[in-house]
Amino acid sequence: MPSTTPLIAPSVLAADFARLGEEVRSVVRAGADWIHFDVMDNHYVPNLSIGPDVAAAIKPFCVDGEGAPVPLDVHLMIKPVDALAEQFASAGADLISFHPEASEHVDRSLQAIKAAGCRAGLVFNPATPLDVLDWTIERLDLILIMSVNPGFGGQAFLPAVLDKAREARERIAACGRDIRLQIDGGINPDNIRAAADAGVDTFVAGSAIFGQDDYASVIRCMRERLA
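(A) Highlighting the pairing of strand E5 (residues 119-124). When you tally the buried positions in E5, you get five out of six residues, the bulk of the element. In the sheet, strand E4 (residues 95-98) pairs with E5 via four bridges, with the strands oriented parallel. Bridging from a neighbouring strand, Phe 98 pairs with Leu 122 of E5. Each parallel crossover has a hand, and for E4 linked through helix H4 (residues 106-115) to E5 it is right-handed. Pairing between E5 and strand E6 (residues 142-146): four bridges, direction parallel. Paired with Phe 124 across the two strands is Ile 145, which belongs to E6.

If you want it as structure tokens, here you go:
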């Protein structure tokens with residue numbers, strides 16, 4: 001089981017875009033550890049979301065009440081990867097993750113993200129095997145397991161992916177590196193404990209947080225379930 005402190009990463013995909021900066025500030029003050037930023041291109045996934053300019057616009061709001069920075073965690077659901085990854089790095093991303101099947105040269109994309117000064121991650125869809133980790137895990141800071149099929153928020157959690165999370169946790173333990181294991185899709189207070197028991201230490205939640213009136217209450221409930 002992971003010994004690292006669990007992190008809650010609200011996804012701004014579910015926020016009110018008409019007041020996005022205020023939403024980010026509110027959820028950080030409510031206790032968010034990271035801000036998760038979903039990027040969709042209507043090509044790799046059947047939806048279109050937000051780009052580097054929006055990331056740059058919300059970056060100043062990614063600070064806690066004491067002025068400490070809160071990491072901006074960018075999840076690229078795009079193809080190709082490299083050019084936009086560099087733009088998001090320039091926009092203030094702290095972590096950038098992408099789907100290995102969306103890159104012609106996965107290792108080169110990871111190197112480009114690292115060279116731009118960001119931590120790098122790979123994302124695995126529910127039906128995508130983890131085999132690419134055999135060749136890349138030494139360069140990763142994050143492994144993200146999708147617990148829905150990517151492209152739309154508000155989908156129901158797929159419990160079968162918990163076995164994949166367990167396998168990813170075993171691979172992390174075997175390599176001995178400090179790699180975060182994140183899960184994204186349908187996470188809420190009712191299933192967050194099951195994800196943690198499968199080895200997850202970083203939890204993306206969209207509508208479960210932004211769809212509620214009291215962000216702090218939801219985040220506090222999640223932490224209680226993880227305790």
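Okay, back to it.
(B) Region of interest: the environment of Ala 93. One can find Ala 93 in the loop between helix H3 (82-91) and E4. Given a relative accessible area of 7%, Ala 93 falls into the buried group. Sequence separation of Ala 93 and His 75 is 18 residues, and the distance between their C-alpha atoms is 9.9 Å.

(C) Spatial organisation of the nonpolar core. Of all hydrophobic cores here, the largest spans 72 residues; its most connected members are Ile 35, Phe 37, Leu 76, Ile 96, Ile 143 and Phe 203. Every residue in contact with Ile 96, bar those within four places of it in the chain, is listed here: Val 74, Leu 76, Ala 85, Phe 88, Ala 89, Ile 113, Cys 118, Arg 119, Ala 120 and Gly 121. If you look at the next biggest cluster of nonpolar residues, it comprises six residues, including Leu 7, Ala 9, Leu 142 and Val 204.

(D) Spotlight on the packing of aromatic side chains. All told, the structure shown has two aromatic pairs when counted by the stated rule. Ring geometry for Phe 37 and Phe 88: centres 5.9 Å apart, planes at 65 degrees, overall edge-to-face. Taken as a pair, Phe 37 in strand E2 (residues 35-40) and Phe 88 in helix H3 lie far apart in primary sequence, 51 residues in all. Summarising the burial analysis for this pair, Phe 37 and Phe 88 share the class buried. Here the aromatic rings of Phe 210 and Tyr 215 are separated by 5.3 Å at their centres, their planes lie at 75 degrees, and the arrangement is edge-to-face.

(E) How the structure looks around unusual backbone geometry. That bond from Lys 79 to Pro 80 is cis: its omega, 0 degrees, falls within 30 degrees of zero. Here Asn 42, not a glycine, exhibits a phi torsion of approximately 60 degrees, which is positive. As for its position among the elements, Asn 42 is in the loop between E2 and helix H2 (52-58).

(F) Representation of the sheet that holds E2. Taken in spatial order, the eight strands make up an open sheet running E1-E8-E7-E6-E5-E4-E3-E2, and their pairing is parallel. Either end of the sheet is taken by a strand with one partner, and the two such strands are strand E1 (7-10) and E2. Each neighbouring strand pair of the sheet contributes to a mean axis angle of 25 degrees, computed without reference to strand direction. Two elements, E6 and strand E7 (residues 180-184), share five bridges in a ladder whose sense is parallel. Paired with Met 146 across the bridge in E7 is Asp 184. Of the strands in this sheet, E4 and E5 touch H4, which is tilted by about 145 degrees from E5.

What counts and how
- Residue numbers here run from 1 along each chain, matching the order of that chain's written sequence.
- pLDDT decides what is reported in this predicted model: residues at 70 or higher carry local features, side-chain atom pairs at 80 or more are listed and counted, and totals for whole chains, interfaces and linings draw on all residues regardless.
- Side-chain metrics rest on all non-hydrogen atoms present in the structure, leaving aside hydrogens and water.
- Burial status follows relative accessibility: with a 1.4 Å probe on protein chains alone, a residue under 20% of its type maximum counts as buried, one over 50% as exposed, and anything between as partly exposed.
- Numbering of helices and strands starts at the N terminus; helices are DSSP runs of H or I of at least 4 residues and strands are runs of E of at least 2.
- Paired strands are those between which DSSP finds at least two bridges.
- The definition of a right-handed crossover adopted here requires that, viewed with the strands pointing away, the path from the first strand over the helix to the second runs clockwise.
- Definition of nonpolar core: a set of buried residues of the types Ala, Val, Leu, Ile, Met, Phe, Trp, Tyr and Cys, connected through side-chain atoms within 4.5 Å.
- Note on definitions: a residue-residue contact is assigned when non-hydrogen atoms from the two residues lie within 4.5 Å.
- Centre distance within 6.5 Å is the pairing criterion for rings of Phe, Tyr and Trp, where only the six-membered ring of Trp is used; planes under 30 degrees apart are then read as stacked, over 60 as edge-to-face, and the remainder as tilted.
- Working convention: axes come from line fits to C-alpha atoms, limited for helices to the stretch in contact. Angles between N-to-C directions cover 0 to 180 degrees.

These figures come from the coordinates and say nothing about function on their own.
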